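Summary of the model geometry
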Protein chains: 2
Amino acid sequence: MDDISQKLEAFNCPVPLSQHEAILLGHGSGGTLTHELIKCLFQKHLGNEYLNAGNDAAVLPSSNGEKLVISTDAHIVSPLFFPGGDIGRLAVCGTVNDVAMMGARVEALTASFIIEEGLPISDLERIVVSMEKACREANVKIVAGDTKVTAHGDCDGLFISTSGFGWLPSGRQIAGDLAQPGDAVIVSGPLGNHGVAIVQARGDLGFTSSVQSDVAPLNGMIATLLESIPDVHVLRDPTRGGLATTLVEIARQSGVSIELEENKLPIDQAVRAVCDMLGLDPLYMANEGKLVLILPEASAQKALGVLRAHQYGQKAALIGKVHEKSSGKVWLRTTLGTTRVLDMLTSEMLPRIC
Amino acid sequence: MDDISQKLEAFNCPVPLSQHEAILLGHGSGGTLTHELIKCLFQKHLGNEYLNAGNDAAVLPSSNGEKLVISTDAHIVSPLFFPGGDIGRLAVCGTVNDVAMMGARVEALTASFIIEEGLPISDLERIVVSMEKACREANVKIVAGDTKVTAHGDCDGLFISTSGFGWLPSGRQIAGDLAQPGDAVIVSGPLGNHGVAIVQARGDLGFTSSVQSDVAPLNGMIATLLESIPDVHVLRDPTRGGLATTLVEIARQSGVSIELEENKLPIDQAVRAVCDMLGLDPLYMANEGKLVLILPEASAQKALGVLRAHQYGQKAALIGKVHEKSSGKVWLRTTLGTTRVLDMLTSEMLPRIC
């Protein structure tokens, strides 16, 4: 047994990470391998109460009543421009959304750029202009930045890492471990559009479709939602790994099971057509402008009303409920009346989706 | 005139960025081209009072007496391991130091990893363990993270972006635009060690030297310094672009000139030898564990005493002073009695130094 295997055993890691020896594309999928890497390497060495909480953002105490919410994301989407957005809009919205998912008021972003030598400056400017527009829409400022350049061939065009900061009002508590048996599960709109838009932009389809990425800042809609419905338990955006992976994460964190009804899931015709043709599952396709909302069933209809009144929630739907049985599991009741267990995405379906 | 040139003209950009058409390695040097890119593209579109201040970190108001200090850095150093450190230690120390340079108490970091498929997991673990050690030394936690993986060939091994957050005690004001005529200029130790260590690690020398990177967290030393000497005007770490570029930045921000004395500059024999042989200038070589301190001359000797009592400031030296004349200029009084004007680094001397 080598040195690392011994350490992993001491940490009681379920799967020895070193059985892979090298990083696989799947370690970046947001699914099982990513969770293994996080648990068996990052949390093992860098773990603390904030990092281990496993939410979209960390909540830190501050000396005034509010708490500081902090999040970070690296964006490596390929191609840089795609139907409905680009890496700049994605980098702003992805981090704005992560902070907003804790119920916090997004205050500021940082952005660090890793640029490949030879990137046309006009492309970089288009991307920065897109960030400017997304920042204006989200009402947030980029307050600090960094720029690094690699030689041609040492990175692929442009990567943008953003971090976000916000303030959580005193008393508000929204987190992945707060789903309760009896809660309703709502999604704010159709699933899989971002993933399909990226597949399409890569020219992998062999045909064209009308699907656009849903990438959008959700902090405005969330603020409106929380004003009228304070008793929200969980908010999360189903990005990499899609709705299924996100719900499995929540089910495990909360120690509950979640039942979904297939015929309630909002999926656009065009997305379904592309997925059918390519053998992809919309439940595992990334979204960049959707949220999953878990809250007491009594508030579900009111929440749907609030979401549907907002431009980014017009097709919001009640898709399932939270149960106690078989903790950590997510079940899909299919249109055929059968039951399918959903697990996390296990390998990499579409690398560099975000 | 194309569209971008028109916009740049409207922004009154001194050098039209679009004359380059594509990003050059020099845009990541930390010198003139980087400053042009920041001013003519990032600040042009994303600018606000925080970003435009041009300090190592942004200072945001909070609802309590203290202010929130935020910074970010992308780390793309090559190779990943070098004498005296690695990309993990660099990613922690670089951002800890940027927050500390504002006089803030460093509270927390985020870290986002962009990993190339095929990176040995044992290398990644060595790097994460090194981050753990640096975090412990700096007394800081990583509270949020993200992991992305690219296909083999789409990035070079590993890039780590870190952001840092800290609290600035009420009333404390340290910034690049606060240097005053009559102030003393101090550096905390020998110059250029990090840059030379990287050159050496790349095997570019054709011989071996004993130079180790100085990469270290400076927040402890700064806290001690500010306890006994509250009237510090400027603190900055002379990283990419070296001491010369850092002092030109400060001279321009403060509208002063700075005079350095060559025979006072602390430079290790081995660093000088390597630089002489390769035609490199230690004044432009990166440091990752040094600070430049500008403060009233009356406090200079006391500051030297405090720095020299600390493990990272043993060779601290008084190297020059601040003048009013020819604002924005930095002068070196050479050992020959002549005067040399120092400008920012203009192109890329050593890509991927940090």
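Position numbers for residues start from 1 in each chain and track the written sequence from start to end. Both sets of labels track the order of writing: A upward for chains, 1 upward for ligands. Where local features are concerned, this predicted model is filtered to residues with pLDDT of at least 70; where side-chain atom pairs are given and counted, the filter is 80 or more; whole-chain, interface and lining totals use all residues. Think of the side-chain values as coming from all heavy atoms in the structure, minus any hydrogens and water.

Turning to the packing of helix H3 (residues 87–100) of chain A against helix H4 (residues 121–138) of chain A, a few remarks are in order. Residue and element names in this part refer to chain A. The axes are straight lines fitted to the C-alpha atoms, using for helices just the contacting stretch, and the angles between their N-to-C directions are given from 0 to 180°. We count a stretch as a helix when DSSP gives it H or I for four or more residues in a row; a strand needs E for two or more, and each element gets its number in order from the N terminus. One way to put it is that H3 packs onto H4 with a least axis distance of 7 Å and a crossing angle of 30 degrees. The angle between H3 and H4 falls in the class roughly parallel. For the element pair H3 and H4, the recorded crossing hand is right-handed. Within the contact between the two elements, H3 uses Ile87, Gly88, Arg89, Val92, Cys93 and Val96 and H4 uses Ile127, Ser130, Met131, Ala134, Cys135, Glu137 and Ala138. The nonpolar class holds Ala, Val, Leu, Ile, Met, Phe, Trp, Tyr, Cys and Pro. Asp, Glu, Lys and Arg form the charged class, and all remaining residues, Gly among them, are polar. Taken together, the residues of the contact of H3 with H4 break down into nine nonpolar, two polar and two charged. Each angle is binned into one of four classes, with values under 35 degrees roughly parallel, values over 145 roughly antiparallel, values of 65 to 115 roughly perpendicular, and all other values oblique. Note on convention: near helix rotated counterclockwise from far helix by under a right angle means a left-handed crossing. Clockwise means right-handed. Whether two residues are in contact is decided by their heavy atoms: any pair within 4.5 Å suffices.

Salt bridges are identified by distance alone: a Lys or Arg side-chain nitrogen within 4 Å of an Asp or Glu carboxyl oxygen. For the structure on display, the rule yields 32 salt bridges over all chains. Counted as one network, the salt bridges with shared partners bring together A:Asp146, A:Lys148 and B:Arg240.

For the rest of this paragraph, the subject is the interface of chain B and chain A. Each side of the interface is counted separately: chain B has 78 residues, and chain A has 77 residues. Buried area is understood as the total, over both parts, of accessible area removed when two parts are fitted together, assessed with a 1.4 Å probe. For the chain B and chain A pair, buried surface summed over both sides reaches about 6,900 Å², with 67% attributable to carbon and sulfur atoms. Summed over the three residues of chain B that lose the most area to chain A, namely B:Ile23, B:Ile121 and B:Glu125, the buried surface amounts to 11% of that side. Across the chain B-chain A interface, the total number found is eight salt bridges. The residue A:Glu49 makes a salt bridge to B:Lys141 at a minimum N-O spacing of 3.4 Å. Throughout this description, a polar contact denotes any pair of N or O atoms lying within 3.5 Å of each other; where both atoms belong to protein, one of them has to be capable of donating a hydrogen while the other can accept it, and for residues adjacent in sequence the pair is counted only when both atoms sit in side chains. Linking chain B to chain A there are 34 residue pairs in polar contact (both at pLDDT 80 or more). Taken together, the elements giving at least two residues each to the side of chain B that touches chain A come down to helix H1 (3–10), helix H2 (32–46), strand S1 (58–61), strand S2 (67–75), strand S5 (105–116), helix H4 (121–138), strand S6 (141–150) and strand S7 (158–168) of chain B. If one sorts the elements of the side of chain B that touches chain A by residue count, S6(B) sits on top with ten residues. When its residues are assigned to classes, the side of chain B that touches chain A shows 40 nonpolar, 20 polar and 18 charged.

A separate point is the environment of A:Asn139. Secondary-structure assignment places A:Asn139 in the loop between H4 and strand S6 (141–150). Sequence-wise, A:Asn139 and A:Gly103 are 36 residues apart; in three dimensions their C-alpha atoms are separated by 16 Å.

So, on to the packing of H4(A) against H2(B). Two numbers describe how H4(A) lies on H2(B): the axes approach to 8 Å, and their chain directions differ by 30 degrees. Put simply, H4(A) runs roughly parallel to H2(B). H4(A) and H2(B) meet at a crossing whose hand is right-handed. In contact with A:Ile121, A:Leu124, A:Glu125, A:Val128, A:Val129, A:Met131 and A:Glu132 of H4(A), H2(B) contributes B:Leu37, B:Leu41, B:Phe42, B:Lys44, B:His45 and B:Leu46. When the residues that make up the contact of H4(A) with H2(B) are grouped by side-chain class, the tally is nine nonpolar, one polar and three charged.

In this section: the confidence of the model for chain A. Residues and elements named next belong to chain A. Confidence along chain A averages 91 in pLDDT terms, with 93% of residues attaining 70 or more. The model gives residues 1–11 a pLDDT under 50, and that stretch makes 18 contacts with residues more than four places away or in other chains. Across the assembled chains, the prediction reports ipTM 0.92 with pTM 0.92. The predictor attaches a confidence to each residue, and that confidence, scored 0 to 100, is pLDDT.

Moving on, we come to the environment of B:Ser62. Within the secondary structure, B:Ser62 is located in the loop between S1 and S2. The exposure class assigned to B:Ser62 is buried, which follows from its relative accessible area of 16%. Measuring from C-alpha to C-alpha, the distance between B:Ser62 and B:Trp167 comes to 9.6 Å, with 105 residues separating the pair along the chain. Leaving out residues up to four positions away in the same chain, B:Ser62 has contacts with A:Trp167 and B:Trp167. Only protein chains enter the accessibility calculation, which uses a 1.4 Å probe; a residue is then buried when its area is under 20% of its type maximum, exposed when over 50%, and partly exposed in between.

Here we take up the pairing of strand S13 (residues 330–333) of chain B. Where a strand is regular, its side chains alternate between the two sheet faces. Residue and element names in this part refer to chain B. Burial along S13 is one-sided: Val330 and Leu332 are buried, and none of Trp331 and Arg333, which face the opposite way, are. Here, a strand pair is defined by DSSP locating no fewer than two bridges between the strands. Bridge count for strand S10 (residues 257–261) against S13 is four bridges, and the pairing is parallel. Bridged to Glu259 within S13 is Trp331. Relative to strand S14 (residues 339–342), S13 runs antiparallel, the two sharing four bridges.

Mapping chain B onto chain A leaves a residual RMSD of 0.0 Å; the transformation is a rotation of 180 degrees accompanied by 0.0 Å of translation along its axis. On this basis, the relationship between the two copies can be described by a two-fold rotation axis. Every residue of chain B has its C-alpha some distance from the rotation axis, and the shortest such distance is that of B:Cys155, at 2.0 Å. When the copies are superposed, the least-squares fit draws on C-alpha atoms of residues that have pLDDT of at least 70 in both.

Residue and element names in this part refer to chain A. Under the domain assignment used here, chain A contains domain 1 (1–47), domain 2 (58–168) and domain 3 (183–342). Taken together, the contact between domain 1 and domain 3 spans five residues of the former and four residues of the latter. Surface buried jointly by domain 1 and domain 3 totals about 320 Å² across both partners, of which 47% is contributed by carbon and sulfur atoms. There are zero salt bridges connecting domain 1 and domain 3. Taken together, the links from domain 1 to domain 3 amount to two residue pairs in polar contact (both at pLDDT 80 or more). Tallied by class, residues from the side of domain 1 that touches domain 3 come to no nonpolar, five polar and no charged. What counts as a domain boundary in this text is fixed by an automatic or database domain assignment.

Right, let's get into empty space enclosed by the protein. All names here are of chain B. Grid points spaced at 1 Å over the protein atoms alone were grouped into cavities, where a 1.4 Å probe fits but cannot get out, and pockets, open sets with protein on both sides within 12 Å along at least five of seven lines, with lining residues defined by an atom within 4 Å of a point. Grid points are joined across faces, edges and corners, and a volume is the space filled by probe spheres set on the points. With the rule as written, the count across this model stands at five cavities of 30 Å³ or more. Its volume calculated, the largest cavity comes out at about 80 Å³. Lining the largest cavity, in full, are Ser29, Arg240, Gly241, Tyr284, Met285, Ala286, Leu345, Glu348, Met349, Leu350 and Ile353. In terms of residue class, the lining of the largest cavity is built from seven nonpolar, two polar and two charged.

To summarise the sheet geometry, strands pair through backbone hydrogen bonds and adopt either a parallel or an antiparallel arrangement. All names here are of chain A. Ordered by their spatial adjacency, five strands build an open sheet running S1-S2-S7-S5-S6, and the pairing between neighbours is mixed. The sheet is open, and its two edges are formed by strand S1 (58–61) and S6, each paired on a single side. If you compare each strand with its neighbour and ignore which way they point, the axes differ by 20 degrees on average. Across nine bridges, strand S2 (residues 67–75) lies against strand S7 (residues 158–168) in antiparallel orientation. Counterpart to Val69 in the pairing with S7 is Gly166. Along the sheet, H4 contacts strand S5 (105–116), S6 and S7; its crossing angle with S7, the most-contacted strand, is approximately 15 degrees.

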